[in-house]
Amino acid sequence: MKRRLAREIAISSLYQMEMNEVSASDAVDMLMDELRHENEIGADPSEASSTDEFSRELVSGVMEHRQAIDGMLQQYLTGWQIDRLSRVDRQVLRLACYEMVFRDDVPPKATINEAIELAKHFGTEESGKFVNGVLGKLLLEIEELKS
């Protein structure tokens, strides 16, 4: 399974949910259908089933813990409000925070590196720096946040 692809689908799904007010299931279904049929991103369609499962876990986890995640992130957004961030940066930060605090299957530093790459891919070069700064602050207090 390509976790990067699953994270890309999760970010796109979270973005779709915010923009179009669709359900998590519908957002992931649409993107997985594109992966299986149109596949404009050049991914291997044989990885669709494992990517589908992990993408759904990520999206549902972010949505389940969204209020707590937004509260945590707000502590590290010096001079910013979560709802004033770009939609892309907001979704990348939410996903990374979810993985760092609520999952134990990826080291936090690896999660930060993935988040930076996703921010650059979907956002701007500045998005990567911004995400790195926020998540770097969160990392310093990760053990307290997990308890």
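A quick note: this is a predicted structure, and the numbers were derived from the prediction, not measured.

S.K.: Could you clarify how one ought to interpret the overall build of the protein in this entry?
M.R.: When helices and strands are tallied, the protein shows eight helices and zero strands. Secondary structure of the protein in N-to-C order comes out as α-α-α-α-α-α-α-α. For the protein, whose C-alpha radius of gyration is 15 Å, the value lies close to the compact-globule estimate of 15 Å for 147 residues. Reported as C-alpha extents along the three principal axes, the dimensions of the protein are approximately 40 × 30 × 30 Å. Across the 147 residues of the protein, 45% fall into the buried class. Sequence separation of at least 24 residues holds for 70% of the intrachain contacts in the protein that already meet a minimum separation of 6. Counting every atom, the protein has about 7,700 Å² of accessible surface; 47% of that belongs to carbon and sulfur. Here the protein contributes 17 positive and 28 negative side-chain charges, whose respective centroids are spaced 5 Å apart.

S.K.: How do you make sense of the packing of aromatic side chains when you look at a structure like this?
M.R.: Centre distance and the angle of the planes are the two values used to describe a pair of aromatic rings. Scanning the entire structure with this criterion turns up two aromatic pairs. When the ring of Trp80 is compared with that of Phe130, the centres are 5.9 Å apart and the planes differ by 65°; the resulting orientation is edge-to-face. Here Trp80, found in the loop between α4 (66-76) and α5 (87-102), pairs with Phe130, found in helix α7 (residues 125-140); they are 50 residues apart in sequence, far enough to count as distant. Overall, Trp80 belongs to the partly exposed group, its relative accessible area being 42%. Seen from their ring centres, Tyr98 and Phe102 are 6.2 Å apart, and the 20° between their planes marks the pair as stacked. Placement of both Tyr98 and Phe102 in helix α5 is noted, with a separation of four residues, approximately one turn of the helix. Taking relative accessible area as the criterion, Tyr98 reaches 8% and is therefore assigned buried. Lying over the aromatic face of Phe54, Arg3 brings its terminal NZ or CZ to 4.3 Å of the ring centre.

S.K.: Just checking my understanding: could you explain unusual backbone geometry for this structure?
M.R.: Peptide bonds are trans in most cases, and residues, glycine excluded, mostly fall at negative phi. At Glu21, a residue that is not glycine, the phi angle is positive and equals roughly 50°. Relative to the elements of secondary structure, Glu21 occurs in the loop between α1 (3-20) and α2 (24-36).

S.K.: Sorry if this is basic, but what is going on with the environment of Ala96 here?
M.R.: Looking at the element boundaries, Ala96 is found in helix α5. For Ala96, a relative accessible area of 3% gives the class buried. Taking C-alpha positions, Ala96 is 15 Å from Arg56, a pair spaced 40 residues apart along the chain. In contact with Ala96, other than residues within four places in its own chain, are Thr111, Ala115 and Leu135.

S.K.: How should I be thinking about the nonpolar core in this particular structure?
M.R.: Nonpolar side chains in soluble globular proteins tend to be buried together. Residues Leu73, Val92, Leu93, Val101, Leu135 and Leu138 are the most contacted members of the largest nonpolar core, which totals 43 residues. Elements with a minimum of two residues in this core: α1, α2, α3 (48-64), α4, α5, α6 (108-122), α7 and α8 (142-146). Here this core takes nine residues from α5, the largest share from any one element. Filtering out sequence-adjacent residues up to four positions away, Leu135 remains in contact with Leu93, Ala96, Met100, Ile112 and Ala115.

S.K.: What is the right way to look at the environment of Thr51 in this model?
M.R.: With respect to the helices and strands, the residue Thr51 is situated in helix α3. Accessibility expressed as a relative area gives 0% for Thr51, which makes it buried. Taking the C-alpha atoms as reference, Thr51 lies 21 Å from Pro108; in sequence the two are 57 residues apart.

The rules we used
Per chain, residues are indexed from 1 in the order of the written sequence. The predicted nature of this model means local features are confined to residues of pLDDT at least 70 and side-chain atom pairs, given and counted, to a pLDDT of 80 or more, with totals for whole chains, interfaces and linings taken over all residues. Hydrogens are left out, water is left out, and the side-chain values use all remaining heavy atoms of the structure. The way it works is that DSSP assigns letters per residue, a run of H or I at least four long becomes a helix, a run of E at least two long becomes a strand, and they are numbered from the N terminus. Computation of the radius of gyration draws on C-alpha atoms alone. For the globule rule, the value is 2.2 Å times the number of residues to the power 0.38. Any residue under 20% of the maximum accessible area for its type is buried, any over 50% is exposed, and the rest in between are partly exposed; the area is computed with a 1.4 Å probe on protein chains only. Contact between two residues is taken to exist if any of their heavy atoms lie within 4.5 Å; hydrogens are not considered. Residue-level accessible areas treat just the shown protein chains as cover; the underlying method is Shrake-Rupley with a 1.4 Å probe. In this count, Lys and Arg are taken as positive residues and Asp and Glu as negative ones, while His and the chain termini are left out. Where a charge lies is defined by one atom per residue type: Lys uses NZ, Arg uses CZ, Asp uses CG and Glu uses CD. Pairing of aromatic rings covers Phe, Tyr and Trp, the last counted by its six-membered ring, and requires centre-to-centre distances within 6.5 Å; plane angles under 30 degrees mean stacked, over 60 mean edge-to-face, and any other angle means tilted. In this scheme, Lys NZ or Arg CZ marks a charge over a ring once it lies within 6 Å of the ring centre and within 35 degrees of the ring normal. We call a set of buried residues a nonpolar core when its members are Ala, Val, Leu, Ile, Met, Phe, Trp, Tyr or Cys and they connect through side-chain atoms within 4.5 Å of each other.

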